Amino acid sequence: MSDDGTPDFSNWSCPLPLADYPTIVMGHGGGGKLGNELVEHLFLPAFRNPALENLGDAAVLDLGSGRLAMSTDSFVVQPLFFPGGSIGELAVNGTVNDLAVSGAEPRYLSASFILEEGFPLSRLAAIVAAMAEAAATAAVRIVTGDTKVVEHGHGDGCYINTAGIGVLRQGILVGPHRAQPGDAVLVSGTIGDHGMAIMSVREGLEFESPIRSDCAALNGLIAEVLEAAGDAVHAMRDPTRGGLASTLNEIAQASGVGIEIDEPSLPVRAEVQSACDLLGLDPVYVANEGKAVFFVAPEAVPAVLGTLRAHPLGRDAARIGQVTAQHKGMLVARTAMGANRVIPTQIGEQLPRIC
Amino acid sequence: MKYLTEFRNGEIAQRMAREIHQIATRPWKIMEVCGGQTHSIIKNGIDQMLPATIEMIHGPGCPVCVTPLELIDKALAIAAQPGVMFCSFGDMLRVPGTEADLFQVKGAGGDVRVVYSPLDAVELAVRNPDKQVVFFGVGFETTAPANAMSVHLAKRRGLKNFSLLVSHVLVPPAIEAIMGSPGNQVQGFLLAGHVCSVMGYWEYPPLAEKYGIPLVVTGFEPLDLLDGIRRCVMQLEAGRHEVENAYERIVTFEGNRPAQKLLAEVFEVTDRAWRGIGVIPKSGWRLSEAYRAFDAEERFHITGIHTEESPLCHSGDVLRGAIKPAECPAFGKECTPRHPLGATMVSSEGACAAYYNYGRFLSAGELAGAGATSTFSKR
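Please read all numbers here as calculations on a predicted model, not as lab measurements.

Definitions and limits used
Residues numbered from 1 in each chain as written. Chains lettered and ligands numbered in written order. Predicted model: local features only at pLDDT ≥ 70, side-chain atom pairs only at ≥ 80, totals over all residues. Helix = DSSP H or I, 4+ residues; strand = E, 2+ residues; numbered from the N terminus. Buried ≥ 20, exposed ≤ 12 C-beta atoms within 10 Å, placed from the backbone. Contact = placed C-beta atoms within 7 Å. Domains from an automatic or database assignment. Nonpolar A, V, L, I, M, F, W, Y, C, P; charged D, E, K, R; others polar. Pairing = 2+ DSSP bridges. Axes fitted to C-alpha atoms, helices over the stretch in contact; angles between N-to-C directions. Core = buried A, V, L, I, M, F, W, Y, C linked by C-beta atoms within 7 Å. Expected span 1.5 Å × (residues − 1). Bend = angle between axes of the 7 residues up to and from the residue. Right-handed = clockwise from strand over helix to strand, strands pointing away. pLDDT = per-residue confidence, 0-100.

(A) Inspection of the overall build of chain A at higher detail. Check the secondary structure of chain A and you find nine helices and 13 strands. In terms of overall dimensions, chain A has C-alpha extents of about 70 × 55 × 30 Å along its principal axes. Residues classed as buried in chain A amount to 52% of the 355 residues present. Within chain A, contacts between residues separated by at least 24 positions form 83% of all contacts whose residues are at least 6 apart in sequence.

(B) Broad picture of the environment of B:Gly183. Topologically, B:Gly183 is positioned in the loop between helix H10 (171–180) and strand S7 (188–192). Spatially, the C-alpha atom of B:Gly183 lies 8.6 Å from that of B:Ala322, the residues being 139 residues apart in sequence.

(C) The domain arrangement of chain A, seen in detail. Residues and elements named next belong to chain A. Per the domain assignment, the segments of chain A are domain 1 (1–48), domain 2 (56–168) and domain 3 (184–342). Each partner contributes residues to the interface: domain 1 has 14 residues there, and domain 2 has 18 residues. Looking at the side of domain 1 that touches domain 2 residue by residue, the class counts come to 10 nonpolar, four polar and no charged.

(D) Spotlight on the sheet that holds strand S6 (residues 158–168) of chain A. All names here are of chain A. Overall, mixed pairing links the four strands, which are arranged S1-S6-S4-S5 in an open sheet. Strands at the two margins of the open sheet, each flanked by one partner only, are strand S1 (68–75) and strand S5 (141–150). Geometrically, the sheet is characterised by an average inter-axis angle of 15° between neighbouring strands, direction not taken into account. Pairing of strand S4 (residues 104–116) with S6, which is carried by 11 bridges, proceeds in the antiparallel orientation.

(E) Fine view of the nonpolar core. Counting residues in hydrophobic clusters, the biggest one holds 228 residues, and the most contacted among them are A:Met131, A:Cys158, A:Leu186, A:Phe294, A:Val296 and B:Leu191. If we ignore the near neighbours within four places in the chain, the residues touching A:Met131 are A:Gly88, A:Ala91, A:Val92, A:Ala111 and A:Ile142.

(F) Structural context of helix H6 (residues 69–79) of chain B. Residue and element names in this part refer to chain B. Of all 11 residues in H6, nine are buried; the element is thus mostly enclosed. All of the buried residues in H6 are Leu69, Leu71, Ile72, Asp73, Lys74, Ala75, Leu76, Ile78 and Ala79. As for H6, its buried residues are in contact with strand S3 (84–88), helix H7 (102–107), strand S4 (111–114), strand S5 (132–139), strand S6 (162–169) and helix H15 (296–300).

(G) Structural context of the environment of B:Ser167. Residue and element names in this part refer to chain B. By secondary structure assignment, the location of Ser167 is in strand S6. For the pair Ser167 and Val33, spaced 134 residues apart in the sequence, the C-alpha separation amounts to 18 Å. Excluding residues that lie within four positions of it along the chain, Ser167 makes contacts with Thr67, Pro68, Leu71, Val138 and Gly284.

(H) Spotlight on helix H1 (residues 33–47) of chain A. Residues and elements named next belong to chain A. End to end, H1 covers 20 Å across 15 residues, agreeing with the expected 21 Å (1.5 Å per residue, within 8%). Val39 marks the point of greatest bend in H1, at about 35°. Of the positions making up H1, those classed as buried are Leu34, Leu38, Phe43 and Phe47. Of the surrounding elements, those touching the buried residues of H1 are helix H2 (50–53), helix H4 (121–138) and S5.

(I) Focus on the pairing of S4(A). All names here are of chain A. Relative to S5, S4 is paired through nine bridges, and the arrangement is parallel. Following the sheet pairing, Leu115 is matched in S5 by Val149. Between S4 and its parallel partner S5, the chain crosses via H4, and the hand of that crossover is right-handed.

(J) Seen up close, the confidence of the model for chain B. All names here are of chain B. With 94% of its residues at a pLDDT of 70 or more, chain B shows a mean pLDDT of 90. Throughout residues 367–379 the model reports pLDDT below 50, and contacts reaching past four residues in sequence, or to other chains, amount to 36 contacts. Taken together, the chains of this predicted complex give a pTM of 0.84 and an interface ipTM of 0.76.

(K) Molecular detail of unusual backbone geometry. For the bond running from A:Gln78 to A:Pro79, omega is 0°, close enough to zero to count as cis. Its location among the elements puts A:Pro79 in the loop between S1 and strand S2 (81–82). Not every positive phi belongs to a glycine, and A:Leu55 is a case in point at roughly 50°. You can see A:Leu55 is positioned in the loop between H2 and S1. In this structure A:Leu55 comes out as exposed when scored by C-beta crowding, with 12 C-beta atoms within 10 Å. Positive phi, normally seen in glycine, also occurs at B:Lys282, with a value near 50°. Along the chain, B:Lys282 turns up in strand S11 (residues 278–287). When the 13 C-beta atoms within 10 Å are taken as the criterion, B:Lys282 is described as partly exposed.

(L) Focus on the sheet that holds strand S10 (residues 267–274) of chain B. All names here are of chain B. With mixed pairing, six strands are arranged side by side in an open sheet as S4-S3-S5-S6-S11-S10. Two strands lie at the open edges of the sheet, namely S4 and S10, each paired on one side alone. Between one strand axis and the next, the sheet turns by 25° as a mean value, whatever way the strands run. Helix H9 (residues 144–156) rests against S5, S6, S10 and S11 of the sheet, and its axis sits at about 155° to S6.

Written out as structure tokens, the structure reads:
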């Protein structure tokens, strides 16, 4: 690309093969040869499956009969690579988990990339490889996609949007409005790992043992829970942005019930608690990317907890509270001191304190 | 950092609370100076564990809350200037100025950044020689050493593009102002542990003597706070008025001497306006003559600031301990963390925000049925 003036890239295509370009140029999003090469040399080999290979304008899918669930999510995380994962795993697992907690078996994903001019192809390849591996682990296929390129300085390297389709299981009715007084509240593992992993990289905080993101696909774990407990599971959610507190508040409001949690029972890694203490944050508001919250009928608690703890992603599962008919729409915690406090939804992001 | 969990032990806390119930024979009003302590008391429900006769009054020790509106407006004006990189601790971003907050300035294209240390801002200045990097240096004696070090380093490295917008405030003059105010009800103080980790507590015996009040250096974890309250009540019951250290694992009598030496070099004592309270003589620090060139107020010459506080906001009364947050007519109505009228509703250390966030606007009846009614929440 020439340095003088502002060239018009709208119909531009560079003749050089992919390997000769170490970084993304405007032409990769131009619909020409460069874009095709990106598909042929990068996306197709990584995501290969029959629906994608047609390379049509739309993937044609056979989902049989039954009800479908659909979800979409955009990923703009910084840094793109962090301990425990990258934007690639997040983009696949995030949409897979949204489908899974809705009671669906995730099947197909789309993947759209918004790339910044100058973004190293080696990094894009690493992200795509991570997506391919995450999709294989979650047993979903990436069947359609798109690439756009924005000028240098107009993006943050790489943004990804994924949308997903899943098939709802027969006889399973879960939803955020189905929590009932008496239900037990279970969480599948430690909270706050993802958010603090990101923050410690972003802020250059170093701990003896680095905090790793919990990023993982939960559809396998959730399938086993539903197998074990069936319709005794009333609601499920993955507490991502806003953390456990926001998720529980949403369910309290959607179901018109109160939720009480026992604060000392919350599973929090020591290093995550330390990092939170250091920054003046509360782990209940910190994001998770591989955890689910379950609202289950009390008689099903042993079966669900047993199933969770037998699964590698649920080893630290815990019962953290219950649903009540009191204080509707509110989340109340019993503190270690034996007092009660309300845990509200945060207004925006948590802000690190001065001192 | 495992040691922190040991100071959050519920059983020991209950035992300490029972001891306070046994030793307290009369009503006492105790002020915790520091906003971090207010936050911890309300979050953990420490006040609910105390006898009904012991009232905790929340002091003016939240640096976000007491930073004058005029300085917030100056910060907004500087941050909005092209070529400026404005750095701040996170919780200053949402503090409302007269017309906007730093988030809005950022949204409108201002280069506003959250940093965790003023030394990071110095690094930004080194890496961005074409930008004017300004750090918003607010806080009590706790944050002052790092701010002083940032200016000290900037001077040593000959940085022409780093400056400090400084509004430091000091604890001892605030205690004097509270004790000297008509209608004061405070009978004893929990001193801010972090402030004393820097300054020691050699400044306080004259105050204990002058006003006949116990002053107990206190930490921030539940057991720290209960120990501080217990020792304060013991002194009050025995008619003693001494400075006592209940935060020995961090605080020494002398404090951090090298830090104090640097502070004396970089800063000089000045009269300071406290938001909601007014000017307290000799209650703050500004950059000393030798470092005046790094003063953002001098460098940017912002004029024409006309501040206007919300007439509905009673944060001054809250900061003086004259009213509890929920007693303000605007609390939870016109004023919420989403639409704060005053800084006490913004900062996580602000008393109003602590009351709002932890549901202290609800009656005990509304909270009961949490199935877990505290044995101490009978009051």
